[in-house]
Each structure stands twice: as structure tokens, then as C-alpha cells.
Amino acid sequence: MIDREMSASFPLLILLSLYLCCPSIAVRKVPHLEEQERPTWNLFDTSNYGKLQLDNGLALTPQMGWNSWNFFACNINEKVIKETADALVSTGLANLGYIYVNIDDCWSSPLRNVKGDLNPEPRTFPSGIKALADYVHDKGLKLGIYSDAGAFTCQVRPGSLFHENRDANLFASWGVDYLKYDNCYNLGIKPEKRYPPMRDALNLTGHTIFYSLCEWGVDDPALWAGKVGNSWRTTDDINDSWESMTSIADLNDKWASYAGPGGWNDPDMLEVGNGGMTYQEYRAHFSIWALMKAPLLIGCDVRSITSETLEILSNEEVIAVNQDPLGVQGRKVSTEGEDGCRQIWAGPLSADRLVVALWNRCPEATTITVKWELLGIDPTIAFTVRDLWKHKDLSGNVGVFSAQIDSHDCHMYIFTPQTADHSMVM
Ligand SMILES: *[C@@H]1O[C@H](CO)[C@@H](O)[C@H](O)[C@H]1NC(C)=O
Ligand SMILES: *[C@@H]1O[C@H](CO)[C@@H](O)[C@H](O)[C@H]1NC(C)=O
């Protein structure tokens, strides 16, 4: 385990590795590229990539689906969950990969039953969770449930701390596919102690269940949770505001080198469509979450989704960045202007491509320019540049690329190297 002083100096280390990596890559010429196995985008520190992985076969790419909390909070019932499953299918979102239908807090009664089992709230879930799982499975979707690594859940339902095997067996018997495990009423016991018992209990059921840790970033879970869960929250809860979304993106960025297939940093669920941000801000939220390989868990009411929200959430090209098999978390690579509001975020993708997001966090429109050197690549290499929101190929400049961007908007591109063309020119 890395100690706190070391983790505090991560941004410095990343800057240092940026500084050290680029000159050597910049002097590489195309003929040399062919002698090397492949171009290396070592701009991005992936030294911790895939080191600690929970080996349950899940989360090879970040999980996608829906969760009830951000829109419904405690106002849930089995009708809402079923209608949401229906809507995920009818809108086409399910086909795009949004397959987990995750019930958050408040599904359970305030008391365990006489056997000691958790008990669905009879007023709101009269048919029980097994029936709901069957319904969701019949649609080709998966069902997620919620519990807490404490004495109670945040809404004061019974927690699973010290009941891990009993509760995991119950979830498995219902056919549940996913567990979000919260952190309220935790009796002051460290998360490193409270989260592994549920991992082991889920594993012992013999059912493959996605394990999503929600311990709010306490004790820097990126440093230990890869062995425990398939994803781990890195921050406090998101809320439907520009301030919350941007601050969480920045906090999550710090842990980029720890994400990888099997285990992802989780900056919390999407607020896209809930009304507290503009179209441009939601588009930026979705772009940056996709680039950061965050779980894409829709948090709005899919039953009454607007065409604008659907357009954002169903952008297949942006989803493909999130689900890219290379599985490296993109990160913030440069900031300029007042408060660093002209930002470039980037990351490597499979097939030697790069994803590049130009994010204008300034209060007015501005031009953002990205130079190849910043990305650690030979400035003489030509790229085709694909605009993932305009769905258009742009004419490829060599060495530099700029765009005019509205306030709080984010443009997102895939850069594909044209190395074959380039060697003909040489
Ligand atoms: C249980 O853990 C073992 C060892 O990590 C793993 O191979 C197996 O797939 C896990 N089983 C389930 C059901 O998660
Ligand atoms: C939302 O999050 C921001 C940033 O963390 C915080 O300042 C604000 O108080 C939060 N708003 C609500 C309603 O919780």
C-alpha cells in the first residue's frame, strides 16, 4: 500500500512523467515506429493499471445501466422499476449497453423478518424482488440491488454488516446480478475491514454478482479496492449542479492509473436529464465520464426522457470510448486560462487511437488548441480527427488542432494515426 504522503504527490509525479516522456517520443520518426512493436502513448501513467483485480469475470468494461437514486431517491416501487426496464428497451438504450436496472436505498422494510432476512417493503414491492428480477431478466436486462456495509442503510433500513453471508445468499436466491454497497452507520470500522467480507460472501454464493463499492472515497479505495470490488466510488455523492459535477471529475482524475478491466474508479452516477445543468453541461458531464471510464449509470426518469437527454445518453461514439477494450482511464492533460478553465482531457484507446476532449469551463466561449507534443506524439504524424458529437470526420491538420467551444461545452474527438500515409511521404 502506498502511504498518504506519496498519494498527495501523485499530480506531481504525473507532471514529471509528462515532462520526461515527451522528448523521447517526439524524436521518434515513422520508420522507427515500424521497428517498434507499436507507438507508445506513455503520456499516460498506467503503472498501476490492472494490478489489483477482483477476479469474478465482470467489469471488463465499465458497467452501464440505470439507478433509481438520483431522480427518485426514496420514492420507488416495483411499478417504477418495471416501467424503467420497459423504457430502457423501448428507447433503444438497452441495446446500446445500458443493461443494469439498479434499485437503490428504500426497497427494504425497516426490520428483518423473523428468520433474520431482509424483507422487501410490502407496500412498495408487494411481489418481492425475485419476481422483479424475473421480469427484468425476461427483457434481457440485469437487476441490481442495494445494501450497506453498516448497521443501517443511509435511509435507516437494516444494513448488511455482520450479515454478509445471509444477505448475499438471499440476493443470489432472488437472481440479483449487482450489489451497490453503501457506507452509512459504519460503526467507525475502516472500509478496508468492512468491504471484503461481502466480496467473499458474494463469491461463496456461486452466482456472479457485480460488486460496486460505495464508500465515498474514504481511505483512498483506488489503492486497495481493486482486489475487493468491480468499481469503487472515489468521492462524496454527486448532485445535479455544475459545481458538483466539475469538482467530482477533478477528484476522480487523480486515480486514473488505478482503473482497468475488472475494476473502475466511480465518480458517481449520471445526472444527465435531471434539469440542474444546461444541455452543454450535460454533454460535458457525459463526455468526461465516458473518457474517465466511469460507470455509465443513468440517473434520470427514463420513462419521460426528453429527446435532448436521449441524444446525449445514446451517442454511440461516446459510449464506444467508455467501452473501449483497452480500458485505460483518460485524464486531464492541460489547463490554461483563468482558473485553468481551458482544459484538455485525453487518453489512449485501442488500435493506437487517442480520445481527446476539449472542455471549456470558462464563463464565455473560447478557442482551445491542442498540440501533438502535449499528447506525447510526433508532431509530424498526421491523424484523422473524428468529431464524436458532430459525427463527422474533420480535415486532419499535422501537429495542431483547435476548436471554438461554447461556455461549459465539451468537444470530443478520436485521433487515428495515419502512419501508412505518412511513411509514403517519407
Ligand atoms: C470466486 O473467486 C474465485 C477466485 O478469485 C474466482 O475464480 C471465481 O470466479 C469467483 N466466483 C464467483 C461466483 O464470483
Ligand atoms: C452540491 O455539490 C456542491 C459541490 O460539492 C456543493 O457545494 C453543494 O452544496 C451541493 N448541493 C446540494 C443541494 O447538496
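Everything that follows concerns the structure shown earlier in this document.
Residues numbered from 1 in each chain as written. Chains lettered and ligands numbered in written order. Predicted model: local features only at pLDDT ≥ 70, side-chain atom pairs only at ≥ 80, totals over all residues. Heavy atoms only, no water.

1. Here's the deal with the site of ligand 1
This is how the line gets drawn: Any residue with a heavy atom lying within 4 Å of a molecule or strand is counted as near it. Contacts described as polar in this section are N or O atom pairs within 3.5 Å, which, within protein, must combine one atom able to donate a hydrogen with one able to accept it, while residues neighboring in sequence count only if both atoms come from side chains. Here, Shrake-Rupley sampling with a 1.4 Å probe gives the accessible areas, and only protein chains in the shown set may cover a residue.
Near ligand 1, the surroundings consist of Asp55, Asn56, Asn203, Gly206 and His207. Between ligand 1 and asparagine 203, the relevant distance is 2.3 Å, taken from an oxygen atom to a side-chain nitrogen or oxygen of the residue. For ligand 1, the accessible surface in isolation is 360 Å², of which the surrounding protein chains cover 53%.

2. What to know about the packing of helix 10 (residues 242–253) against helix 11 (residues 279–291)
The line we're drawing: Only the stretch in contact is used when fitting a helix axis, every axis being a line fitted to C-alpha atoms; angles between N-to-C directions are given from 0 to 180 degrees. Secondary structure counts use DSSP, requiring at least four H or I residues in a row for a helix and at least two E residues in a row for a strand, with both numbered from the N terminus. Should an angle fall under 35 degrees it is called roughly parallel, over 145 degrees roughly antiparallel, and 65 to 115 degrees roughly perpendicular, with every other angle called oblique. Left-handed is the label given to a crossing in which the near helix is rotated counterclockwise from the far helix by less than a right angle, and right-handed is the label when the rotation is clockwise. Contact definition: two residues touch when any of their heavy atoms are within 4.5 Å. For this classification, Asp, Glu, Lys and Arg are treated as charged, while Ala, Val, Leu, Ile, Met, Phe, Trp, Tyr, Cys and Pro are nonpolar and the rest, including Gly, are polar.
At a minimum axis distance of 11 Å, the contact between helix 10 and helix 11 shows a crossing angle of 20°. With respect to helix 11, the axis of helix 10 lies roughly parallel. As helix 10 runs across helix 11, the sense of the crossing is left-handed. Across the interface between the two elements, Trp242, Met245, Ile248 and Ala249 of helix 10 pack against Glu281, His285, Ile288 and Trp289 of helix 11. Here the contact of helix 10 with helix 11 is composed, by residue class, of six nonpolar, one polar and one charged.

3. Regarding the state of the cysteines
Inclusion rule: To count as a disulfide, a pair of cysteine sulfur atoms needs to be within 2.5 Å.
The final tally for this structure, using the stated rule, is three disulfides. The disulfide that involves cysteine 74 links it to cysteine 106, with 1.7 Å between the sulfurs. Measuring handedness by torsion sign, the sulfur bridge of cysteine 74 and cysteine 106 sits at about -75° and is left-handed. One end of the pair, cysteine 74, is in the loop between helix 4 (69–72) and helix 5 (78–90); the other, cysteine 106, is in the loop between strand 2 (100–102) and helix 6 (128–138), with 32 residues separating them in the sequence.

4. Re the site of ligand 2
Taken together, Asn239, Ser241 and Ser244 are the residues near ligand 2. Contact with the protein chains removes 28% of the 360 Å² of surface that ligand 2 exposes when unbound.

5. Comments concerning the packing of aromatic side chains
For clarity, the threshold we go by: Classification of ring pairs rests on two measures: the distance between centres of Phe, Tyr or Trp rings, Trp counted by its six-membered ring, which must be within 6.5 Å, and the angle between planes, read as stacked under 30 degrees, edge-to-face over 60 and tilted in between. Accessibility here uses a 1.4 Å probe with only protein chains present; expressed as a share of the type maximum, an area under 20% marks a residue as buried, one over 50% as exposed, and anything in between as partly exposed. A ring has a charge above it when a Lys NZ or an Arg CZ is no more than 6 Å from the ring centre and no more than 35 degrees off the ring normal.
All chains considered together, the criterion is met by 19 aromatic pairs. On the basis of an interplanar angle of 70° and a centroid distance of 6.4 Å, the ring pair of tryptophan 107 and phenylalanine 171 is categorised as edge-to-face. Placement of the pair is tryptophan 107 in the loop between strand 2 and helix 6 and phenylalanine 171 in helix 7 (residues 164–174), with a sequence separation of 64 residues. With relative accessibility at 2%, the residue tryptophan 107 sits in the buried group. In this structure phenylalanine 171 comes out as buried when scored by relative accessible area, which is 1%. Joined through ring pairs, the aromatic side chains of Trp372, Phe383, Phe401, Tyr413 and Phe415 make up one cluster. Across from the ring centre of tyrosine 135, 5.1 Å away, lies the NZ or CZ of lysine 82, which sits over that ring. Above the face of the tryptophan 359 ring, arginine 361 is positioned so that its terminal group lies 4.6 Å from the ring centre.

6. Quick look at the sheet that holds strand 11 (residues 353–360)
As a reminder, the rule being used: Note on pairing: DSSP must find at least two bridges between two strands before they are called paired.
The strand order across the open sheet built from six strands is 9-10-11-16-13-14, with neighbouring strands paired in antiparallel fashion. Looking at which strands have only one partner, the edges of the open sheet turn out to be strand 9 (331–336) and strand 14 (392–394). Neighbour to neighbour, the strand axes of the sheet diverge by 25° on average, direction disregarded. In the sheet, strand 13 (residues 383–387) pairs with strand 14 via three bridges, with the strands oriented antiparallel. What sits directly across from arginine 386, in strand 14, is aspartate 393. Sheet strands in contact with helix 10 are strand 9, strand 10 (342–349) and strand 11, and its direction is about 140° off that of strand 11.

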